[in-house]
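Examination of the molecular architecture
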Amino acid sequence: MLHLTDIQLQDNKTFLAMLNHVLNVDGFYFSTTYDLTHTLQRLSNTSPEFQEMSLLERADQRFVWNGHLLRELSAQPEVHRFALPVLHGFITMHSCSVNGKYFDWILISRRSCFRAGVRYYVRGIDSEGHAANFVETEQIVHYNGSKASFVQTRGSIPVFWSQRPNLKYKPLPQISKVANHMDGFQRHFDSQVIIYGKQVIINLINQKGSEKPLEQTFATMVSSLGSGMMRYIAFDFHKECKNMRWDRLSILLDQVAEMQDELSYFLVDSAGQVVANQEGVFRSNCMDCLDRTNVIQSLLARRSLQAQLQRLGVLHVGQKLEEQDEFEKIYKNAWADNANACAKQYAGTGALKTDFTRTGKRTHLGLIMDGWNSMIRYYKNNFSDGFRQDSIDLFLGNYSVDELESHSPLSVPRDWKFLALPIIMVVAFSMCIICLLMAGDTWTETLAYVLFWGVASIGTFFIILYNGKDFVDAPRLVQKEKID
């Protein structure tokens, strides 16, 4: 590093901090023996040649988060046994007992490394059809040598849209007016159909307000594509469940019950004979594909698990999984932990609405915790997500460091507003408080001071809010066009 300039040495420290930041996020997994990147059904349909390949060679590249870091080792087959694919997401495994019968219950969520990033800076799809925050979740059961699984997916609304932070609590979503939405949309679902089969799309966003144009665009795209492999269901989650009426989620479950039976699940018996195949998946989304989405996925997964355990002989005919208190506690907590893991990796905080996932009902304490997490999300999304986005892009190889670059990519000039206005607001607000605390006999004079400094602080706040995009922590390592 002796040949580097002082600026490059400082940048190098920042680059190392970015890599450490990514590696310090929970949710990285690897196995020396099991192929974590593929579902049970995909693994059952492989050739003998595939089985002989190294884990790195045969891995699903969508879920190999260290693919860029292993690029040199990938070209050397003799060292592949030392190069293991790393998954990012969530995995939990539990040994459970129902009716005195023991089985293993496993939940795996695989985050895609294509169009990966953080909330607000990565939305919609890219030109290749990769959706932001795409996650494949597989629920697995092992019992007496038999194996069953049920797979679901989630992903951002697959059109070209963005929602850049600008200090507003909820920036307005912007749908691109120039992009070829149908081209990206078709690329996305063509690949989904090839991989998973039929697609039952459950769109949980609001059907009014700022989210309405996205719902209408999604519905129009599905209708225009006219594919018999796709079914579209719009369910306004917030409208249907307002006033804490979360029992109304049964309306959606009843609506899709027949479709779920048609899609089925994967089952292989103890002799290795495939008894049933899953013919398609539910692809769920809300705005972030986190909170509402996870609630619905946990309910669909329970219904599938109920059918699997009955078929395997663990549950008696007519016996409900919800009645098994010990297992229900494990199940609900695991899905809530899954929600938190995915949310922290994308939005920077734990998930919302996990009180329902954990307890089966909405609570006032849960509402308070959702408010707290929403506040933290607001801060992180506006003031620290630029660094997080740069870190992910550096880690995944979306940005490559070039020491011959003439200027530092990390040095972005800030105009006078960035430093001056926040300081003015803090000083004005502080003076307003001091005037109140030091109020004496001359209340008229004190009130005048309070009004002056109060108006100054409020006025400065609205100036900052109006120029919000100038104050957010935006990514610096990738060009804006590439992020969009």
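The name an unreviewed UniProt entry gives the protein is Phosphatidylinositol-3-phosphatase SAC1, with Pan troglodytes as the organism.

Structural notes on the UniProt feature "transmembrane region" (unreviewed entry) in the protein
UniProt records the feature "transmembrane region" (unreviewed entry) at residues 418-440 and 446-466, using the numbering of this structure. The distance separating the terminal C-alpha atoms of residues 446-466 is 30 Å; by composition the span is 100% helix and 0% strand.

So, the environment of Asp291
Structurally, Asp291 is set in helix H10 (residues 291-312). Between the C-alpha atom of Asp291 and that of Asp247, which follows or precedes it by 44 residues, the distance is 17 Å. Residues in contact with Asp291, not counting those within four places in the same chain, are Cys286, Ala351, Leu352, Lys353 and Arg377.

Considering the pairing of strand E2 (residues 87-98)
Residues in a regular strand point their side chains to alternate faces of the sheet. The pairing of strand E1 (residues 28-29) with E2 spans two bridges and is classified as antiparallel. Residue pairing for E2: Tyr29 is matched across the bridge by Leu87. Two strands pair when backbone bridges link them, and E2 and strand E3 (residues 101-111) are joined in this way by ten bridges, in the antiparallel orientation. Each residue of the ladder has a partner; that of Phe90, found in E3, is Ser109. The antiparallel pairing of E2 with E3 creates a hairpin that spans two residues between the two strands, and Asn99 there sits at a positive phi of about 55 degrees.

Focus: unusual backbone geometry
With phi around 75 degrees, Leu167 is a residue other than glycine that occupies positive phi space. Within the fold, Leu167 resides in the loop between strand E6 (161-162) and strand E7 (174-175). Judged by its relative accessible area of 7%, Leu167 is buried.

Observations regarding empty space enclosed by the protein
The full count for this structure, using the stated rule, is two cavities of 30 Å³ or more. In this model, the largest cavity occupies a volume close to 70 Å³. Around the largest cavity, the lining residues are Tyr29, Phe30, Ser31, Tyr34, Asp35, Leu36, Thr37, Leu55, Pro85, Val86 and Leu87. A per-class count over the lining of the largest cavity returns eight nonpolar, two polar and one charged.

Conventions used here
Each residue is numbered by its place in its chain's sequence as written, counting from 1. Owing to the predicted nature of the model, reporting of local features is limited to residues with pLDDT of at least 70; listing and counting of side-chain atom pairs is limited to 80 or more, with chain, interface and lining totals taken over all residues. Hydrogen atoms and water are omitted, and side-chain values are computed over all heavy atoms in the structure. UniProt positions are given in the numbering used here, feature names are shortened, and annotations may be inferred rather than shown by experiment. In this text, helices come from DSSP runs of H or I with a minimum length of four residues, and strands from runs of E with a minimum of two, each type numbered from the N-terminal end. Contact definition: two residues touch when any of their heavy atoms are within 4.5 Å. We treat two strands as partners when DSSP finds at least two bridges between them. Categorising residues by exposure relies on relative accessible area from a 1.4 Å probe, with only protein chains included: less than 20% of the type maximum marks a residue as buried, more than 50% marks it as exposed, and the intermediate range marks it as partly exposed. With a 1 Å grid laid over protein atoms only, a set of points is called a cavity when a 1.4 Å probe fits there but cannot get out and a pocket when it is open yet has protein on both sides within 12 Å along at least five of seven lines; lining residues have an atom within 4 Å of a point. Grid points are joined across faces, edges and corners, and a volume is the space filled by probe spheres set on the points. Side-chain classes are defined by residue name, with Ala, Val, Leu, Ile, Met, Phe, Trp, Tyr, Cys and Pro counting as nonpolar, Asp, Glu, Lys and Arg as charged, and the others, Gly among them, as polar.

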